[in-house]
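Coordinate inspection notes
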Amino acid sequence: MLQVNKPTSEINRDFAEADGSPSQTLTSYLDIIRRQFPTMVAIVSACVILALLYLFTAAPLFTSTASMVIDTRKVQLFQQQSVLGDIAVDSATVETQVEILKSENISLAVIRDLHLMEDPEFTGTGGGLFGAITGSVTGLFSSGRAPSEFELTRKALGVFASNRTVKRLGLTYVMEIGFTSRDPQKAARIANAIADAYIVDQLEAKYQATRRASVWLQDRIKELRTQASAAQKSVVDFKTANNIIDTGKGLMNQQQLAEVNSQLIMAHAATAEAKARLDRMNDVVKQEIPDANVGDALKNDTIVKLRAQYVDLASKESIWSTKYGREHLAAVNLRTQMAEIKKNIQDELKRIQESYKSDYDIAMTREEAIKASLANIVSESQLTNQAQIQLRELESNAQSYQAMYDNFLQRYMESVQQQSFPITEARVISAATTPLVKSSPKSLVILGAALLGGLMLSLGAAMARELSDKVFRTTSQVEEQLGANCVAILPALGAPAYTSSLPGLGRKKNNPEPDLLRYVVDNPLSRFSEAVRSLKVAIDLNSIVRENRVLAVTSTLPNEGKSTLSTNLAQLIAHGGARVILVDSDLRNPSLSRALRPNANVGLVDLIAQKVQLEEAVSIDPQTGLAVLPAGTTSKLLHTNEILASKSMHSVVSLLRSKYDYVVLDMPPMAPVVDVRVTSSFVDSYVFVVEWGKTKTDVVRHNLRNAPEIQNKLLGVVLNKADTKLLARYESYHGRYYYQKYYARYGYVE
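Quick caveat: nothing in here was measured; it's all calculated off a predicted structure.

Quick notes on the rules
Residues numbered from 1 in each chain as written. Predicted model: local features only at pLDDT ≥ 70, side-chain atom pairs only at ≥ 80, totals over all residues. Heavy atoms only, no water. Salt bridge = Lys/Arg side-chain N within 4 Å of Asp/Glu carboxyl O. Helix = DSSP H or I, 4+ residues; strand = E, 2+ residues; numbered from the N terminus. Buried < 20%, exposed > 50% of the residue type's maximum accessible area, 1.4 Å probe, protein only. Contact = heavy atoms within 4.5 Å. pLDDT = per-residue confidence, 0-100. Patch = residues over 30% accessible without salt bridge, like charges linked within 9 Å, V, L, I, M, F, W, Y side chains within 5 Å. Areas by Shrake-Rupley, 256 points an atom, 1.4 Å probe, with all protein chains shown as cover. Phe/Tyr/Trp six-rings, centres within 6.5 Å; stacked < 30°, edge-to-face > 60°. Pairing = 2+ DSSP bridges. Axes fitted to C-alpha atoms, helices over the stretch in contact; angles between N-to-C directions. Parallel < 35°, antiparallel > 145°, perpendicular 65-115°, else oblique. Core = buried A, V, L, I, M, F, W, Y, C linked by side-chain atoms within 4.5 Å. Lys, Arg positive; Asp, Glu negative; His and termini not counted. Arc of directions from axis to C-beta. Left-handed = near helix turned anticlockwise from the far one by under 90°.

**A look at the pattern of salt bridges**
Once their charged atoms are close, side chains differing in charge can pair, the charge on each being opposite to the other. As enumerated under the stated definition, the model contains 24 salt bridges in all. With a closest N to O distance of 3.7 Å, Glu 95 and Arg 168 form a salt bridge. Of this pair, Glu 95 sits in helix 4 (residues 91-101) while Arg 168 is found in strand 2 (residues 164-168), placing the two residues 73 residues apart along the sequence. When its relative accessible area of 14% is taken as the criterion, Arg 168 is described as buried.

This is the structure we're talking about:
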């Protein structure tokens, strides 16, 4: 128990704490677990017991699932687009369908179809102990009247929604529909009913939408039919008003323009040809006798014959003139005939010339007439072209109305067909079947969760208890919080009762409780006695450094066991052969005097006042030789601190030093009174008693901080009333195990 110097293990621990190493952190957590182990075991056990109770009382639940897919490659019966349009199936669409499956419309449809409002599972509480408890608690807050149909429906919806699960499988278009019930067949039936209700709801929604679209299309078709007819009539009226005739190959005036233009070209060519013939004829007329080429070109038989006659006569005239001379009558007759033929040729050429001129004039007149007609047609075509701009607009409107009418008529026919043959994108790919194994409660999962939850809760409770445990339980806490050595840990006394027969110390006969003030004498081999011996060793070791004969035992608060320790320490030293006097210096509450010398009339107060001699006030224990100096009469004392600080008190202590080897002063506690602080001038060392596991650390630290004169002479701290069973969890080397090992081996008794 001696704590003069820190052991090597604690020094290493301090260095580890300063370093903040992970191993030290782990060690601190393990220490917490060791200290709070019973609490943690109790919490974990409670959680496991609750889990077992739940498993034994909860009704088994069965879950059945059905799978449904949204088919993006649906087959349309008529290979046509839907009246309402086909929406592309994407992730958002699938999530939307999941929410539709969770909607109240689907749930209400299933509840109505399967008559679930008549099922106690949906209108009453759940089965098992917890269900009964829930029903009882609910009954406490109910009004006692019969629930309405609306309330039953809402309750059934709540139970239905809590037992139904709808989720999308990964990134696929497959949705999984599950339902949990106490009846496996009911679970499968409801899961399939949800899928069927969804498909029916989709078909009904499409049917209603298509029907509404058909009604609207009928009204729209009537309106478009009227508008298309009016537009067509406007086109016909405009054509009639503007004399626009369409022959099927184009407008009539356009055809006329093309024909007249063609005629003008032909007339112009004919005029040019006639003019060319006339000009040639004019050149021919200038010749007396046209040559043979011209005659052939004219293709006139008369001219050809006359020219042939003329050539023949000219040949004869040349022969006669050569033979008979130019004046020969035959030659003259021949020349006369030639002149007559020549005149006839000229007359014929002039006639042809006049004919060509007439043809030329006719061609010119015809060309001018065609030109005039072309000008009129062009003028009319320009007017028609201007009217065609408005006509095209009217025709465009008419075509638009007609196209809209045809389109809406087609869509109307499609909607009528879709009403007769509705289709949906969703289909069931895996129907729900009756489950063979319950889905909950899962025994291993619940036990594991209870164990894990219990561990977490117990760890939290352990940490909370550690954080709220602001008391001293270990020597390291004393050293860290107070900066002083913990010289001993005294176990809580529980020795068997005995009857003291020593005279003079005022003990009661047949006391059923153990005599705590003589425990070291009555139980010299007990752990308590060993702890007091360790305190005596600390006193002796400290005497090497300074004189350590006047010892004061004090505490922070009353009832921490300072009087018990001071008495047993004095008896232990006296029993060892030293001269020891025990002085009750607690003048405010002399409990030690009442216990040892209840009938004493004089004591320390009288000795300070020099009313009695030392021998008159001291009594001796015949067994140990311990001298006891009671407090004396203290009932009328007001300023006890002045008495303890007086010169007379110093003189008394000096007297006691001269007569005894050790002077043990039982001082009052520090927190209620200040008497202890005035004794530092004549006290060699202080022993500070702290009740184990009860006295708050901040209270002790505050009192010692405010009394530096005591802290400077502090021999050490004694932890009193320690629970050895609990102490083993805080510091194993202080636990009962090591002591029992040693006591059992050497015959020690507890």
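There's plenty left to go through after this.
**As for helix 5 (residues 104-114)**
Buried residues of helix 5: Ile 106, Ser 107, Ala 109, Val 110 and Ile 111, and no others. In the core, the buried residues of helix 5 are packed alongside helix 4, helix 8 (149-163), strand 2 and helix 9 (184-241). Count one or two residues on from helix 5 and you reach His 115, which has phi positive near 55°.

**So, unusual backbone geometry**
Backbone torsion omega between Ser 440 and Pro 441 reads -5°, so that peptide bond is classified as cis. Examined against the element boundaries, Pro 441 turns out to sit in the loop between strand 4 (426-430) and helix 14 (443-468). Backbone geometry places His 115, a non-glycine residue, at a positive phi of 55°. Here His 115 shows up in the loop between helix 5 and helix 6 (120-123). Overall, the relative accessible area of 52% leaves His 115 in the exposed class. Its identity as a non-glycine residue notwithstanding, Gln 610 has a phi of 60°, on the positive side. If you trace the backbone, Gln 610 turns up in the loop between helix 20 (604-608) and helix 21 (614-617). Look at Gln 610 and you get exposed, because its relative accessible area is 67%.

**Some remarks on the confidence of the model for the chain**
Across the chain, the average pLDDT comes to 78, with 80% of residues at or above 70. Considering only residues more than four positions removed or in separate chains, one finds that residues 75-81, a stretch of pLDDT under 50, has 14 contacts. In this model, residues 125-130 is a region of pLDDT below 50 whose contacts with residues beyond four sequence positions or in other chains number 15 contacts.

**Quick word on a nonpolar patch on the surface**
A cluster of nonpolar side chains, contributed by Val 537, Leu 541, Ile 544 and Val 545, occupies part of the molecular surface with about 400 Å² of accessible area. The residue Val 545 is located in the loop between helix 17 (527-542) and strand 6 (550-555) in this model. For Val 545, a relative accessible area of 70% gives the class exposed.

**Topic: the packing of aromatic side chains**
As enumerated under the stated definition, the model contains 5 aromatic pairs in all. On the numbers, 5.4 Å between centres and 80° between planes, the contact of Tyr 519 with Phe 528 is edge-to-face. Comparing Tyr 519 with Phe 528, the two get one shared label, buried. Through a chain of ring-to-ring contacts, the aromatic side chains of Phe 122, Phe 160 and Phe 179 assemble into a single cluster.

**Considering the sheet that holds strand 10 (residues 662-666)**
Spatially, the 8 strands line up as an open sheet ordered 5-12-11-6-10-7-9-8, and their pairing is mixed. Taken across any chain shown, the strands that pair with only one partner, and hence form the sheet edges, are strand 5 (486-491) and strand 8 (619-620). In this structure, strand 5 lies alongside strand 12 (residues 714-722), joined through 4 bridges in parallel fashion. Within the sheet, the bridge partner assigned to Pro 491 lies in strand 12 and is Ala 722.

**Re the packing of helix 17 against helix 18 (residues 562-575)**
Two quantities define a packed helix pair, namely the angle between the helix axes and the distance between the axes. The N-to-C vectors of helix 17 and helix 18 enclose an angle of 75°; their axes lie 10 Å apart at closest approach. Put simply, helix 17 runs roughly perpendicular to helix 18. Seen from helix 17, the contacting residues are Phe 528, Val 532, Arg 533, Leu 535, Lys 536 and Ile 539; seen from helix 18, they are Thr 564, Leu 565, Asn 568, Leu 569, Leu 572 and Ile 573.

**Considerations on the nonpolar core**
In this structure, Ile 581 and Leu 665 are the most contacted members of the largest nonpolar core, which totals 49 residues. Contacts of Ile 581, omitting those with residues within four sequence positions, involve Val 618, Leu 626, Ala 627, Leu 629, Leu 656, Tyr 660, Tyr 662, Val 663 and Val 664.

**Comments concerning the pairing of strand 7 (residues 580-584)**
For strand 7, a buried count of 5 out of 5 residues is recorded, marking the element as mostly surrounded by other parts of the structure. The alternating pattern of strand 7 places Val 580, Leu 582 and Asp 584 on one face and Ile 581 and Val 583 on the opposite face, and all of these are buried. For strand 7 and strand 10, the ladder comprises 5 bridges, and the chain directions are parallel. Bridge pairing links Asp 584 to Asp 666 in strand 10. Examined bridge by bridge, strand 7 and strand 9 (residues 627-629) share 3 bridges and lie parallel to one another. Counterpart to Val 583 in the pairing with strand 9 is Leu 629.

**Regarding the side chain of Asp 606**
Secondary-structure assignment places Asp 606 in helix 20. One buried charged side chain, Asp 606, makes no salt bridge at all; its nearest oppositely charged neighbour is Lys 611, positioned 4.8 Å away. With sequence-adjacent residues up to four places away left out, Asp 606 is seen in contact with Asn 601, Lys 611, Val 612, Gly 632 and Thr 633.

**Some remarks on the side chain of Ser 680**
Of note, Ser 680 is situated in the loop between strand 10 and strand 11 (685-691). Ignoring anything within four residues of it in the chain, the contact list for Ser 680 reads Tyr 686, Glu 709 and Lys 713.

**Quick look at helix 4**
For the α-helix, the turn length of 3.6 residues means that residues three or four positions removed from each other point alike. Those residues of helix 4 lying buried are Thr 93, Val 94, Gln 97, Val 98 and Leu 101. Mapping the buried residues of helix 4 onto a view down its axis gives an arc of 145°, with all of them on the same face. Buried residues belonging to helix 4 abut strand 1 (62-70), helix 5, strand 2, strand 3 (174-181) and helix 9.

**With respect to the packing of helix 4 against helix 9**
Helix 9 packs onto helix 4 with a crossing angle of 110° between their chain directions and a minimal axis gap of 10 Å. Between helix 4 and helix 9, the interaxial angle falls into the category roughly perpendicular. The way helix 4 lies across helix 9 gives a crossing that is right-handed. Contact with helix 4, carried on its side by Gln 97, Ile 100 and Leu 101, involves Ile 194, Tyr 198, Asp 201 and Gln 202 of helix 9 and no other residues of that element.

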